[in-house]
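Chain and residue survey
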Amino acid sequence: MSQPTILLLEKFSFYSTCAVARRAVEMGFAVVVVAPTTIPEHLVKDQPFELIRTDDWSSANLSALYEQLASTRHIVGINTILGFFTGQGLLGMQVAELARQHGLPHNNPEALLRANNKYLMRQTLQQAGVYTIRHALAGNDAELEEAVRTVGFPLIIKPLVGVGSSFISRCTTLQQAREVLRHYLENVRKGYYAHFFAAHEYQDPRHGTRRFDPLSQVLVEEAIDGWELSVEFLCTEDTAYPVLIHDKLDVTQEAYCSYENLLVTPPVRLDETMQQRVRDYTVDVIRSLGLKNCFCHVELRYDSQGRPSVIEVNPRIGGMRVSDSFKTLANVDYADTFIRQTVGQPVDKPVVQKPEGLYGMMALYPRRGGVLRRITGLEQASAIPGMVDIAGYARPGDRVGGDYEEVFVVDAWFKGNSVADIHRIDEQIRAQVAVEVEVGA
């Protein structure tokens, strides 16, 4: 029998896919990566896997690629790192369906669509009896006025799908809400992540086929007070483990974006009873959606009534330094575990070790998009006491976003003995590291 082969399909995260593919090769698998035709040759050179380039991300083409490969290879797993909308479907859903059709380990395809569409996520929770806030859709002034009557003020207007906290606005008056909707409809196609905002359909058991167009619709939802958190899950075939809670110490809301600046774990504003309440609630969220065999990043607030309230559910590992957090505090290696999920190997129950002190993660985001000229100060920041690692994620000459969204350009993972230490290190990094972007270039 030929060598067991893993098929990785990813349109948007070739760097992360390469890291997982290399680990799979180390574990004894052959790997075939399906990626866009735009991937430059220098990124592919000397990689220990086979690359297939395509611009056709339709289910029909992905199925044809699978059949072609399966005729000469022993395929034991199919997966995707991010699985975002491509314009030809939700890649995560397509990959999960392909794996299901061929009897391979998979996530729940319908659950992936429900999680990636924030309106469907809330509808699913509501139908399951899991607490979620008031919400509605709007694509014009009349629909907005109806949504305001349903939701009330203060409210949040945000995209139905997407990443990077883009185009998120808090409104307290109808006039303000109208201006935000108008701004969104006029500018959403200019956003750095606009290519994720693809039209799609959902086969609703109650209402039949429902069509969504994130470029011409927004989600209007009740504003939630309280502390913002994230819960990092490891999901197996039948169990959802809420492994880590990150306490977002510094989140700022600016014109059309919410910026997550500084996070800490273990959480410092929740006692153990509150943390257990958060774990129990988010497990209910994951189970109601039906997610399995994946990492999952759940964002929520712990409100003034002591009630956890979900913001969004991302069926993939969290950004910034979440993978470092998994490794440091729970000895969970992301790439290794992802591969085990992909091929159906057992995944041990994560055991979190309470550290001495606290771990923090921070990020620097350009506030305007353009061409990156330079990042300075990384070497000096790496010498800050408590620093574990700091890195930049773009090279001079790269185009970066920032007009309407979070775009990770620098992030760091560090350790302190107290909350004051975490804040001090964050302030030192921001004083020493500069990101220079040529706006409009």
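This text follows the structure it describes.
Because the structure is a prediction, the values reported are computed rather than measured.

What to know about the sheet that holds strand β13 (residues 257–265)
Ordered by their spatial adjacency, eight strands build an open sheet running β15-β14-β11-β12-β13-β16-β20-β18, and the pairing between neighbours is antiparallel. Every other strand in the sheet has two partners, leaving β15 (308–314) and β18 (387–392) as the edge strands with one partner each. Averaged over all pairs of adjacent strands, the angle between their axes in this sheet comes to 25 degrees, without regard to strand direction. Against the sheet, helix α11 (residues 334–343) touches β11 (227–235) and β14 (294–302), its axis set at about 115 degrees to β14.

Structural notes on the environment of G87
Position of G87 among the secondary structure elements: in the loop between β4 (74–79) and α4 (91–101). You can call G87 exposed: its relative accessible area is 55%.

Digging into empty space enclosed by the protein
Per the counting criterion, the structure on display carries three cavities of 30 Å³ or more. The computed volume of the largest cavity comes to approximately 280 Å³. Lining of the largest cavity is provided by 25 residues; of these, N79, T80, N107, N293 and C294 occupy positions nearest its centre. Elements with a minimum of two residues in the lining of the largest cavity: β4, α4, α5 (109–116), β14 and α11. Taken as a whole, the second largest cavity holds about 100 Å³ of empty space. Surrounding the second largest cavity, 13 residues form its lining, N116, K118, V161, G162 and R316 being those nearest its centre. Those elements giving two or more residues to the lining of the second largest cavity turn out to be α5 and β15. If one sorts the elements of the lining of the second largest cavity by residue count, β15 sits on top with three residues. Among the residues forming the lining of the second largest cavity, the class breakdown is seven nonpolar, three polar and three charged.

Quick word on the nonpolar core
In this structure, L291, V313 and I429 are the most contacted members of the largest nonpolar core, which totals 83 residues. Of all the elements, helix α9 (residues 272–289) adds the most residues to this core, at seven residues. Here V313 is in contact with A115, M121, V285, I286, L289, L291, C296, H297 and V298, once residues within four sequence places are set aside. Listed in part, the 42 residues of the second largest apolar core include A24, I81, L244 and A335.

Structural notes on the packing of aromatic side chains
According to the stated counting rule, one finds 16 aromatic pairs in the structure shown. Summarising the aromatic geometry, the rings of Y193 and F196 are spaced 5.7 Å apart at their centres and angled 10 degrees between planes, so their arrangement reads as stacked. Across this residue pair, the class does not change: Y193 and F196 are buried. Where Y359 meets W413, the ring centres are 5.1 Å apart and the plane angle is 15 degrees; that geometry is what we call stacked. With Y359 in strand β16 (residues 358–364) and W413 in strand β20 (residues 410–416), this pair connects stretches of sequence that are 54 residues apart. A relative accessible area of 11% places Y359 in the buried class.

Some words on the side chain of E221
The residue E221 is located in strand β10 (residues 218–222) in this model. For E221, the side chain forms a polar contact with the side chain of K158, separated by 3.1 Å. Contacts of E221, omitting those with residues within four sequence positions, involve R122, I133, R134, H135, V151, L155, I156 and K158.

Looking at the pattern of salt bridges
Within the structure shown, the criterion is met by 32 salt bridges. Its salt-bridge partner being E201, residue R211 comes within 4.0 Å of it at the nearest N-O pair. Residue R211 is located in strand β9 (residues 208–212), and its partner E201 is located in strand β8 (residues 200–204); the two are separated by 10 residues in the primary sequence. Taking relative accessible area as the criterion, R211 reaches 57% and is therefore assigned exposed. Residue E201 is classed as partly exposed on the basis of its relative accessible area of 42%. Put simply, R368 and D403 hold a salt bridge, and the shortest N to O gap is 2.8 Å. One end of the pair, R368, is in the loop between β16 and β17 (370–376); the other, D403, is in the loop between β19 (399–400) and β20, and 35 residues separate them in sequence. Connected via shared salt-bridge partners are E228, K248, E260, E299 and R301.

Digging into the packing of α4 against α5
Their axes nearest at 8 Å, the elements α4 and α5 cross at an angle of 170 degrees. Judged by the inter-axis angle, α4 sits roughly antiparallel to α5. Of α5, the residues touching α4 (which contributes G92, M93, A96, E97 and R100) are P109, E110, L112 and L113. Of the residues that constitute the contact of α4 with α5, the class distribution is five nonpolar, one polar and three charged.

Procedures and definitions
Residues numbered from 1 in each chain as written. Predicted model: local features only at pLDDT ≥ 70, side-chain atom pairs only at ≥ 80, totals over all residues. Heavy atoms only, no water. Pairing = 2+ DSSP bridges. Helix = DSSP H or I, 4+ residues; strand = E, 2+ residues; numbered from the N terminus. Axes fitted to C-alpha atoms, helices over the stretch in contact; angles between N-to-C directions. Contact = heavy atoms within 4.5 Å. Buried < 20%, exposed > 50% of the residue type's maximum accessible area, 1.4 Å probe, protein only. 1 Å grid on protein atoms, 1.4 Å probe; cavity = no way out; pocket = protein on both sides within 12 Å on 5 of 7 lines; lining within 4 Å. Points joined across faces, edges and corners; volume = space filled by probe spheres on them. Nonpolar A, V, L, I, M, F, W, Y, C, P; charged D, E, K, R; others polar. Core = buried A, V, L, I, M, F, W, Y, C linked by side-chain atoms within 4.5 Å. Phe/Tyr/Trp six-rings, centres within 6.5 Å; stacked < 30°, edge-to-face > 60°. Polar contact = N/O pair within 3.5 Å; in protein donor to acceptor, adjacent residues only side chain to side chain. Salt bridge = Lys/Arg side-chain N within 4 Å of Asp/Glu carboxyl O. Parallel < 35°, antiparallel > 145°, perpendicular 65-115°, else oblique.

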